[in-house]
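Residue-level structural notes
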Amino acid sequence: MKLGSKPGLSASAWRGLLVQAALAVLAALLVGELTGHIGVGLAAVLGALLLRQLYLLQRVLVWLQGDRVDLAPDAGGVWGDVIGLIMRLFRRKQYHKRRMRQLLRELRHSTAAIPDGVVMLNPAAEILWFNRSAGELLHLRNRGDVGLRIDNLVRRPEFVNYLREGDYRSPVVVQASDLSEQYLHFQIVPYGAGQLLLLVRDVTRQAQLEAMRKDFVANASHELRSPLTVIAGYLETLSQDEALEPGLSGPIQEMRRQALRMTAIVQDLLELSRLEAEGAVPRGEPIDIGALLAQLRDDLRSRKTLAVEVRLAAESTDRLVGEEAQIHSACANLLENAAKYTPTGGVITMRWWSDAQGGHLSVADTGIGIAPEHLPRLTERFYRVDAGRSRASGGSGLGLAIVKHVLQRHGGSLQIESEEGRGSTFSCHFPVSRLLPAA
Amino acid sequence: MEAADLTHHTSRRFNEDLERVRAKVLAMGGFVEQQLSQALTALIDGDSALGQSVASQDYKVNGMEVSIDEECSRILATRAPAAGDLRMVVATIKTITDLERIGDECERIGNIASRLANVERPADRYREVKHLGRTVQLMVHNMLDACARLDSTLALDTARQDRYVDEEYESIQRQCITFMMEDPRTIRRALEVMWVVRSLERIGDHAKNICEYIIYMVHGKDIRHTSLERVAEELKSEAARA
C-alpha cells in the first residue's frame, strides 16, 4: 500500500481479518457447545480479543513514546499495517531531514568558501549568520556575535549612515578602521521579510589605484601648466610681431588659440581633481544667488559677439549656503554651455526659486538641444555629443563634470532635460538644509 | 553575583528602546573614533583644512550627546527600569558624557593641528605622538568593542592600557622639555605638542572611565577607585564560582 493511494486495507489484511473473525466465531461456538451457554462462550472470546487489542495498542503507544524506531512491536493484521505505515512515514521524514541537512551544509560550505564576506541580518540589523570571510574582514567573533547589531560592531559613520538610511541601490566604500589602510566595499541586498544580506569585499587595491589615478591627474595637470604658460606667452609675443613673415601669421594665430584651449583644459582638470580630493562642503557662507546670476548675465551681455537674449528670474531671495567660488564656477559653466549652443536670436533663461524640496537653479536655452541617448553620459569627462560640435567652440569637455562635482559636494543633484532642436534645461537641486532666508 | 543577561527582556518595546539607545551610543562612539583619527592625521600630515574640519564637526558629537541624554531621561521617567536595565541607563548617561569629552579633546587636537600646519614639522614627524595616538586609538576602539559585546574581560584589559598611555605621556613631556632647552626656537611647537599629548592622555582616561562603566553595567559592581588588579581577581573568582 502506498502513501497517498486511496485509503483502505490491503487484501492480505482483509483476509487476515476474515480469518480472525471466522476463528473467533468458531471458538465461540465451540465454547458454547462445551458449556451449553452460547452467551458465555461469546463473552469469553470477545473479551480475549479485546484484551489482545488493548495489549497491542499499549505496545504501539510504548513504541511511539520511545526513541528507538527500529524496535517496532511485532504484530500482524491491521496493527501490523498501522505500524508499517508509521515506520514508512517516519523513514520518509528522516530521509527528507537528512537531505535538507545535507543541502544546508553544502550551502553553508559554499557560502563559507566565497572569498567575499556574507552576513545575514534580520530586520533589526542583528546578525543571524556570517561566513568566514566576513568574520575575518569585520573582526566578528564566531561565538557571541550572532544576535548583536551589526552597526554596534562595525561603527564607521559612513557604514552606519548607509545602513540606517535604507537606500541600498548603490554600494559604499569605507576605510575598515583608523588603524589600517584597508578599504571595504559594502553592499546591502534586502531579501525575504525585511531581512538584509550584507556583502563585504576588500577593495584596498582598487582604492589605492583610484588614489594613484587622482594623484596622477593632479600632478600631470600641474606639471603641464608651466610649459604651457611659456608656449602661450611666446606665441602671444610672436603674433604681435610686425616683422613676421605674413605667411606665418595664420598658423601662429591657430597655435595661440590651441595653446589657450590647452590651458583651459589643464585648469579645468586641476579644478576637477581639487573637487574630487575634498569631501563635502561642511558649511560655507550664504550666497546671494540672485546677485550672482545677475552678474553673470551682465558679463554675458557685455560680450559683443553674442546675439542672444539673456533673461533672469530670481523668484526667491533665499541664500544658498556653500562655497561661493565653486557655485560661481558651476553657474558660469552652465551659462557658458547655454551661450555656446544657442544660435543668434535665441533666448537663455536663468531661474532661481525655492520650495519645500529645497532650492532650485535652472538654466534653459533655446539652442540645438541634445539627443536623449547622450543625456546619461553628458557629465562624463571629455564626453562629446558629436566630435565636430564642441571642438569647434573650444570647450574643455570638463564643464559639466565640474558642475556635477560641485553639486555633489553641496548635497545637490543635476537634472538635464533636452529636446533636439528645441533647447535644453539644466536644473540644479539643492537640499533644504542648504537654504537660509535672506537677512 | 552573576553577569547580568542584558539581551532579553519581557517587554519587547522596552527592549527595543534600550537597544536603540545602545546603538546610538555606539554610533556616537564610531563618530568620535573617526574624529580622533582625523585629528591625528591632520597633525601628522600637517593638513590644516582637515584639522579645521574636525574642529567644526564637534557640534555633531554634542548634538548626539543631548539626544541620547533626552532618550535616557525618557526611559527613566516612563519605564522606571530596575536592576540591570537601570544600570544600563545610568552607565549610558555617564558614557556619553565621557564620549563627549573625548570629542572635545579631538576638537582641541584638530585646532592645534591646523595651527601647527603652518609651522615647520619636526625631523621625527611626530613619531612619539603618532605612537601614543595609535595606543589611544586602539584603546577607544577596544572600549567600544567591549561596549558592543558587553565584554567585561576586554573592558578590563582596555582599562589597564591606560597605564601605558600615562607612562608614554610623561616620557613625551620630558622629551619636549629637552627640546625646548636645546633649541628655544622649538618652544612654540613643543608647547602645542604638549597640549596634544595632554589631550591624548585625557582621552585615555575617558576611555578607561567608560570601561569601568561597562564592568559596572555587566556585573553591577562599582570598580571606580579600586585597583584594577583587585577587580581582575574578583572577576576571576566569580567566574570560578559560576
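Because the structure is predicted, anything quoted here is derived from the model rather than measured. (Residues numbered from 1 in each chain as written. Chains lettered and ligands numbered in written order. Predicted model: local features only at pLDDT ≥ 70, side-chain atom pairs only at ≥ 80, totals over all residues.)

**Overview of the overall build of chain A**
- Assigned secondary structure in chain A consists of twelve helices and 13 strands.
- Buried residues in chain A amount to 21% of all 439 residues.
- Long-range pairs, those at least 24 residues apart, make up 57% of the contacts in chain A between residues at least 6 apart in sequence. (Helix = DSSP H or I, 4+ residues; strand = E, 2+ residues; numbered from the N terminus. Buried ≥ 20, exposed ≤ 12 C-beta atoms within 10 Å, placed from the backbone. Contact = placed C-beta atoms within 7 Å.)

**So, the overall build of chain B**
- Looking only at helices and strands, chain B has seven helices and zero strands in total.
- For chain B, the sequential pattern of α-helices and β-strands runs α-α-α-α-α-α-α.
- Taken across its 242 residues, chain B has 44% of its residues classed as buried.
- A separation of at least 24 residues holds for 82% of the contacts in chain B among residues at least 6 apart in sequence.

**Brief notes about the interface of chain A and chain B**
- Between chain A and chain B, the residue contacts involve 16 residues of the former and 20 residues of the latter.
- Taken together, the elements giving at least two residues each to the side of chain A that touches chain B come down to α5 (150-153) and α6 (157-165) of chain A.
- Tallied by class, the residues present in the side of chain A that touches chain B amount to six nonpolar, four polar and six charged. (Nonpolar A, V, L, I, M, F, W, Y, C, P; charged D, E, K, R; others polar.)

**Some words on the nonpolar core**
Residues and elements named next belong to chain B.
- Residues M28, A39, L43, M143, C211 and I214 are the most contacted members of the largest nonpolar core, which totals 89 residues.
- If you tally residues by element for this core, the top one is helix α6 (residues 187-219), at 15 residues.
- Leave out the neighbours within four places in its chain, and L43 touches I109, A113, L116, Y126, V129 and V196. (Core = buried A, V, L, I, M, F, W, Y, C linked by C-beta atoms within 7 Å.)

**Details of the packing of helix α1 (residues 12-45) of chain B against helix α4 (residues 127-149) of chain B**
Residues and elements named next belong to chain B.
- Contact pair α1 / α4: the axes reach a minimum separation of 10 Å and the direction vectors enclose 170°. When the axis of α1 is compared with that of α4, the two are roughly antiparallel. In this structure, α1 uses L26, G29, E33, L36, S37, L40, L43 and I44 to contact α4, whose residues at the interface are V129, K130, G133, Q137, V140, H141, L144, C147 and A148.
- Per-class residue counts for the contact of α1 with α4 are ten nonpolar, five polar and two charged. (Axes fitted to C-alpha atoms, helices over the stretch in contact; angles between N-to-C directions. Parallel < 35°, antiparallel > 145°, perpendicular 65-115°, else oblique.)

**Quick notes on the confidence of the model for chain B**
- Taken as a whole, chain B shows an average pLDDT of 86; of its residues, 95% reach a score of 70 or greater.
- Across the interface, the model reports ipTM at 0.79; the global pTM reads 0.66. (pLDDT = per-residue confidence, 0-100.)

**Topic: the sheet that holds strand β7 (residues 309-314) of chain A**
All names here are of chain A.
- Taken together, five strands build an open sheet; the order of strands is β7-β9-β10-β12-β11 and the sheet is mixed. In the strand order of this sheet, the two ends are held by β7 and β11 (413-419), each with one partner. Sheet twist, expressed as the mean angle between neighbouring strand axes with direction ignored, is 10°.
- Of the strand pairs in this sheet, β11 and strand β12 (residues 423-431) are connected by seven bridges, and their pairing is antiparallel. What sits directly across from Q415, in β12, is S427.
- The sheet strands contacting helix α10 (residues 324-341) are β9 (347-355), β10 (358-365) and β12, and the helix crosses β10 at an angle near 20°. (Pairing = 2+ DSSP bridges.)

**So, the sheet that holds strand β1 (residues 117-121) of chain A**
Residue and element names in this part refer to chain A.
- One open sheet holds the five strands; their spatial order is β2-β1-β5-β4-β3, and the pairing between them is antiparallel. Where the open sheet ends on each side, the last strands, each with one partner, are β2 (127-130) and β3 (172-175). Between one strand axis and the next, the sheet turns through 25° on average, direction left out of account.

**Topic: helix α12 (residues 399-409) of chain A**
Residues and elements named next belong to chain A.
- Of all eleven residues that make up α12, nine are buried, and the element is covered over most of its length.
- Considered for burial, the residues of α12 that qualify are G399, L400, A401, I402, V403, K404, H405, V406 and L407.
- Next to the buried residues of α12 lie α8 (246-277), α10, β11 and β12.
- G411 occupies a position one or two residues after α12 and carries a positive phi of about 75°.

**Topic: the confidence of the model for chain A**
- Put simply, chain A has an average pLDDT of 83, and 94% of its residues get 70 or more.
- Note that pLDDT drops below 50 for residues 1-5 of chain A; the model gives that stretch two contacts with residues more than four away or on any other chain.

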